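Chain residues, written in single-letter form:
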Amino acid sequence: MTACLLETRTVSRNFGALAAVSDVEFRLEVGARHALIGPNGAGKTTFINLLTGVLRPTQGRVMLKGRDVTDIPEAQRVKLGIARTFQINRLFRGLTVLENVYIAVSERLGIALDMFRPAGARRDVIEEAMHLIAALKLEDDTGRRVSELPYGRQRLVEIAIALGLKPEVLLLDEPAAGVPSAESHIILDAIGSLSEQIGVLIIEHDMDVVFRFAERITVMVGGRIFAEGTPKEIAADPEIRAVYLGQAYHG
Amino acid sequence: MIVAAIKPTEHLAALAFAGRHRPRVWEPAPWIFAIAFYFAFPNYLGFGTELLVTILFALSLDLVLGYAGIITLGHAAFFGAGAYTVGMLAYHGIWNEPISSLMLAAIVAALVGLGSGLVLLRTQGLTLLMLTLCTMALLEEAANLGHEYTGGFDGLASLPIPPLLGLFEFNPLYPRTQYLYVLIVLFIAFLFVRTLIYSPFGQSLAGIRENTLRMHAVGSPVRARLITCYTISAAIAGIAGGLWAQANAYVNLTTLSLDRAAMVLIALILGGYGRIYGGFVGAVAYMALAHFLAKLYPTGWQLGLGLLLVVIALFARNGILGIGEALLRRIRAKHMPQ
Ligand SMILES: Nc1ncnc2c1ncn2[C@@H]1O[C@H](COP(=O)(O)OP(=O)(O)O)[C@@H](O)[C@H]1O
Ligand SMILES: [Mg+2]
């Protein structure tokens, strides 16, 4: 058995009468390149929220590195090695790109309680943030406020923040949504150059990206896992073509 | 592959960030003014002392409101806690040495901040606003009812405050000692706050203000941060209150009143919150305007101040300093080659 990073056991989440996620059994292996696909409203984002602790499951358990984290709040799960990006940007809009990434790195290093030294004196943090900024081709925007950037560039900041947390599990919720196609390769390059040890789960509508990136694909429909397999198996499944792949391109 | 020509930390924006805490050339100006005021207006030192206390109080409010984004209408709770600590200890003959009394005022106010913060900072927005108001009203009522200890509605007058360091007399008619004492305490508190806001901790407060949800997602213990900040701010407000009691040699219910909380909020917004010097500019503008308007229209001066606040809220959200920054930016843009 390969080592399992993240696992859910019959996880469900209801919103009133709506079963957004139902009985999901899911495993993310060490070094996984895993894609989660499914039509809009399938429950993909809700599932990520359950994994990260933004939402509590109505039923079921979430395990991180063999440890039950169901009752552990979001911020503490981050400390255990799980990081994510948001489908809709959640950034420090009034702060500069550098400050955005600095915050993530300083939280990871646990220096954010330091009140008596200037943030600028931590050259190591600045250097690390600048490397991430460079990796996402944001150098020219380093000193600009996030709110002044075009939406597509803001998406890159989302990723830089998540990478600043040096996670073992990285969950990407439609990272390329809203990014002009000329820039989407920046995201793929950044994800492609991640360490082999990190398990990555990506939600993505662009099937070219999914089939290029993923070694494993889970298809979610109506809150349930509809199918799971290698890209070949998924592509060959006529039922999946019918429910999903056929209509994916206007998702 | 392109090899970067410069090291990432030598990027201009990175350098700017690394040096953002360095003092700017104009930063000694307010302190020079404050010292000049001492020599130029010996007859107005009472007014000057009140002004400096207000600046210190506004500075403490700026930390929670401007930096951490905690909306509060009840900051006088801590000012009053500090003032009553100094007042009651001195009046009942328990302790009155000025500097250590001030520390006790800070500790008591910090405990009030910690205690209320633990409860209040679970909430946000309007709920939080109402709860801060309630905390202050509760303290005010307690001070009103406990007249045996607090003097009730009349407060405690003629506090026996011994000379500072055993040398400098607090003379209520010529408050020279008071003025310089408050100025020095303000300067120390200011250095502390200034260091704090440029620190990683201050950066994380800005993160909470800008996007609390994202702070959770980067692993930040948001509530603990807010409580820490609130407690520190309360301690500084308590020092301001303690200074007020020592300088005036009395303490009364106005230290805990909504009037005082609203006044410091107006002053800070007028000056521009989240800018450390907003409290300076705002308190000066507020006190000068109030002074001037009260002379012109003894009965309706508050109306003028209210109108001004409406104008600020509508057209200059970032206060006087915000207007200044916008002007500077425009001038720079004009002189920059395109
Ligand atoms: N906080 C919420 N409250 C109520 N309903 C929600 C909430 N979040 C998501 N939903 C509903 O749950 C379903 C799944 O949504 P979501 O997880 O965002 O789907 P996906 O990311 O696959 O597009 C949708 O019908 C959505 O309207
Ligand atoms: Mg979604």
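This structure is a prediction, so every number in the text was calculated from the model and none was measured.

Residue and element names in this part refer to chain A. Spatially, six strands are ordered S6-S7-S8-S3-S9-S10 in an open sheet, and the strand pairing comes out mixed. The two strands at the open ends of the sheet, each matched to only one other strand, are strand S6 (82–85) and strand S10 (224–229). Averaged over all pairs of adjacent strands, the angle between strand axes in this sheet comes to 20°, irrespective of strand direction. Looking at chain direction, strand S3 (residues 33–37) and strand S9 (residues 216–221) are connected through four bridges and run parallel. Following the sheet pairing, Ala35 is matched in S9 by Ile217.

Once that is clear, we can look at the domain arrangement of chain A. Residue and element names in this part refer to chain A. Taken domain by domain, chain A comprises domain 1 (1–81 + 167–251) and domain 2 (94–166). Taken over C-alpha atoms, the centre of domain 1 sits 26 Å from the centre of domain 2. Tallying the contact residues gives 17 residues for domain 1 and 14 residues for domain 2. Of the roughly 1200 Å² buried between domain 1 and domain 2 on both sides combined, carbon and sulfur atoms contribute 69%. In this structure, the connection of domain 1 to domain 2 is made through one salt bridge. Where Arg153 meets Glu183, a salt bridge forms, and the shortest distance between an N and an O atom there is 3.7 Å.

Moving on to the coordination of the magnesium ion (ligand 2). Four donors placed tetrahedrally about a metal ideally form angles of 109.5 degrees, and six donors placed octahedrally ideally form angles of 90 or 180 degrees. Every protein donor of the magnesium ion (ligand 2) is listed here as Thr45 of chain A (OG1) and Gln87 of chain A (OE1), and their distances to the metal cover 2.0 to 2.1 Å. Placement of Thr45 of chain A in helix H1 (residues 44–52) and of Gln87 of chain A in the loop between S6 and helix H3 (97–109) is noted, with a sequence separation of 42 residues between them.

Now for the pairing of S9 of chain A. Residue and element names in this part refer to chain A. One ladder, built from five bridges, connects S9 with S10; its direction is antiparallel. When the sheet's bridge partners are listed, Val219 is paired in S10 with Ala227. Taking the residues that link successive antiparallel strands as the turn, the S9-S10 hairpin has two residues, and the phi of Gly222 there is positive, at about 55°.

Right, let's talk about the pattern of salt bridges for a bit. Counted according to the given criterion, the structure contains 23 salt bridges over all chains. For Glu107 of chain A, the salt bridge is made with Arg225 of chain B, and the minimal N-O distance between the two is 2.6 Å. Of this pair, Glu107 of chain A sits in helix H3 while Arg225 of chain B sits in helix H11 (residues 222–248), each in a different chain. Given a relative accessible area of 2%, Glu107 of chain A falls into the buried group. A cluster of three or more residues bridged by salt bridges with shared partners is formed by Asp141, Arg144, Glu148, Arg153 and Glu183 of chain A.

Let us look at the interface of chain B and chain A. Residue-level contacts link 36 residues of chain B with 40 residues of chain A. Summing both partners gives a buried area of about 3300 Å² for chain B against chain A, and 68% of it is carried by carbon and sulfur. When the buried surface of chain B facing chain A is broken down by residue, Phe17, Pro200 and Arg214 of chain B rank first, second and third, together holding 22% of it. The interface formed by chain B and chain A includes three salt bridges. Among the ionic pairs, Glu158 of chain A bridges to Arg214 of chain B, the shortest N-O distance being 2.7 Å.

All names here are of chain A. Within the structure, ligand 1 sits among Phe15, Leu18, Ala20, Pro39, Asn40, Gly41, Ala42, Gly43, Lys44, Thr45 and Thr46. In this structure, an oxygen atom belonging to ligand 1 sits 3.2 Å away from a main-chain N or O atom of Ala42. Within the backbone of Lys44, a nitrogen or oxygen atom sits 2.8 Å from an oxygen atom of ligand 1. For ligand 1, whose free accessible area comes to 560 Å², the fraction covered by protein is 59%. Counting only elements with at least two residues in the shell around ligand 1, the list comes to strand S2 (18–29) and H1. For the shell around ligand 1, the element with the most residues is H1, which contributes three residues. Residues that form the shell around ligand 1 fall into these classes: five nonpolar, five polar and one charged.

Note on sheets: strands pair through backbone hydrogen bonds, and any given pair is parallel or antiparallel. Residue and element names in this part refer to chain A. Taking strand neighbours across the sheet as the criterion, the four strands line up as S2-S1-S4-S5 in an open arrangement whose pairing is antiparallel. Taken across any chain shown, the strands that pair with only one partner, and hence form the sheet edges, are S2 and strand S5 (67–68). Pairing between strand S1 (residues 4–15) and S2: eight bridges, direction antiparallel. Paired with Cys4 across the bridge in S2 is Glu29. Across the sheet, H1 touches S1, S2 and strand S4 (59–64), and the angle it forms with S1 is around 120°.

The next point concerns the packing of helix H5 (residues 98–120) of chain B against H11 of chain B. Residue and element names in this part refer to chain B. Between H5 and H11, whose axes approach to 7 Å, the crossing angle comes to 145°. At the point where H5 passes H11, the crossing takes the right-handed sense. For the contact of H5 with H11, the residue count by class is 15 nonpolar, eight polar and one charged.

Rules of the game
- Residues numbered from 1 in each chain as written.
- Chains lettered and ligands numbered in written order.
- Predicted model: local features only at pLDDT ≥ 70, side-chain atom pairs only at ≥ 80, totals over all residues.
- Heavy atoms only, no water.
- Pairing = 2+ DSSP bridges.
- Helix = DSSP H or I, 4+ residues; strand = E, 2+ residues; numbered from the N terminus.
- Axes fitted to C-alpha atoms, helices over the stretch in contact; angles between N-to-C directions.
- Domains from an automatic or database assignment.
- Contact = heavy atoms within 4.5 Å.
- Buried area = accessible area lost by both parts, 1.4 Å probe.
- Salt bridge = Lys/Arg side-chain N within 4 Å of Asp/Glu carboxyl O.
- Donors = N, O, S within 2.8 Å, 3.2 Å for Na, K, Ca; no water.
- Buried < 20%, exposed > 50% of the residue type's maximum accessible area, 1.4 Å probe, protein only.
- Near = heavy atom within 4 Å.
- Polar contact = N/O pair within 3.5 Å; in protein donor to acceptor, adjacent residues only side chain to side chain.
- Areas by Shrake-Rupley, 256 points an atom, 1.4 Å probe, with all protein chains shown as cover.
- Nonpolar A, V, L, I, M, F, W, Y, C, P; charged D, E, K, R; others polar.
- Left-handed = near helix turned anticlockwise from the far one by under 90°.

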